[in-house]
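Summary of structural features
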Amino acid sequence: MRELSLNVMDVAQNSVRAEAALVRITVEESDKKDLLSIVIEDNGKGMTEEQVAQVTDPFFTTRTTRKVGLGVPLFKMSAEQTGGSFEIESEVGKGTKTSARYVKSHVDMTPLGDINSTVEILIRCNPDIDFVFIRSTDSGSLTLDTRELREVLEGVPLDTPDVLEWIHSYLEEQTQLLYGGAK
Amino acid sequence: MKSLAELKAIRDRAKADLDLRQENPNAARVLVGMATCGIAAGARPVLNAFTEEIAKRGLTQDIVVTQTGCIGICQYEPVVEIEMPGQEKVTYVKMTPEKVARVVNDHLVNKNVVTEYTIGAYNS
């Protein structure tokens, strides 16, 4: 994967398939701590201990269209190759939490890339699921919570074109404030 | 600044034409393969290109863009399937954002399949 945001899109879809109603994506970036942390948490059907042990094995997959599952192994590799760490916690009936920590300055660090686009596509393609996206840096944080949007929208679906356009502009503006604004 | 007030205005406008939207059983569907294979091959810019092109032409009521999983032909990703009412499903392979405008114009608007981008053409 050329960007970590693509790994996030990929792994978040495991949450969708696990019938999650809420998916929380947290991206923390800190120059001070030389850290990037990505956490994807869902309330889907979860996995057994045995499945958790197998999930980082490329030859394990729950799908039937082919015999390999590279999503989680690629995500794990991207973190470990920077001297970071990777962890999956899961409980049947409760959900799954996938955490990756990166050493930002490492030569093998993959750029985060267009994480906003990932979040927009997840919302567009799964309008019935709620997403909480939190992105933070040393200077502040931004939050997008589709549950709050839904409250305002009163039944108008999240994948209405104008709503998606609003989400796009909102994320763009907030990101600019986070990265481009005065500290 | 994007505000919730603005979102409320969008809601009120959307509510007014919500019935129209639901009563469109003839909407075409664009399915972009977005499993690990598709994403790694560049499916995301392809999906974004479709939504942009369709929005630009004001066709968002008539065409639904969504994702699908891996259909087992990973070597041909990014794969895009197009379903139009009364037409057989068409599978486009090795898609790029540059090819999207032509598929929207020729296939989705004018109902002429872009044969050279399809899986059949790629195989022969």
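Conventions used here
Residues numbered from 1 in each chain as written. Chains lettered and ligands numbered in written order. Predicted model: local features only at pLDDT ≥ 70, side-chain atom pairs only at ≥ 80, totals over all residues. Axes fitted to C-alpha atoms, helices over the stretch in contact; angles between N-to-C directions. Helix = DSSP H or I, 4+ residues; strand = E, 2+ residues; numbered from the N terminus. Parallel < 35°, antiparallel > 145°, perpendicular 65-115°, else oblique. Left-handed = near helix turned anticlockwise from the far one by under 90°. Contact = placed C-beta atoms within 7 Å. Nonpolar A, V, L, I, M, F, W, Y, C, P; charged D, E, K, R; others polar.

**Let's talk about the packing of helix α1 (residues 4-17) of chain A against helix α4 (residues 115-125) of chain A**
Residues and elements named next belong to chain A. The interhelical angle for the contact between α1 and α4, taken along N-to-C directions, is 20 degrees, at an axis separation of 8 Å. Taken together, α1 and α4 sit at an angle that is classed as roughly parallel. In the packing of α1 onto α4, the handedness of the crossing is right-handed. In contact with S5, V8, M9 and A12 of α1, α4 contributes I115, S117, T118, I121 and L122. A per-class count over the contact of α1 with α4 returns six nonpolar, three polar and no charged.

**Overview of the interface of chain B and chain A**
Counting residues at the interface gives 26 residues for chain B and 27 residues for chain A. Sorting the residues of the side of chain B that touches chain A by element identifies α1 (4-16), α3 (36-41), α4 (43-56) and β2 (63-68) of chain B as the ones contributing at least two each. Counting residues per element, the side of chain B that touches chain A draws most heavily on α1(B), at nine residues. Partitioned by chemical class, the residues of the side of chain B that touches chain A number 13 nonpolar, six polar and seven charged.

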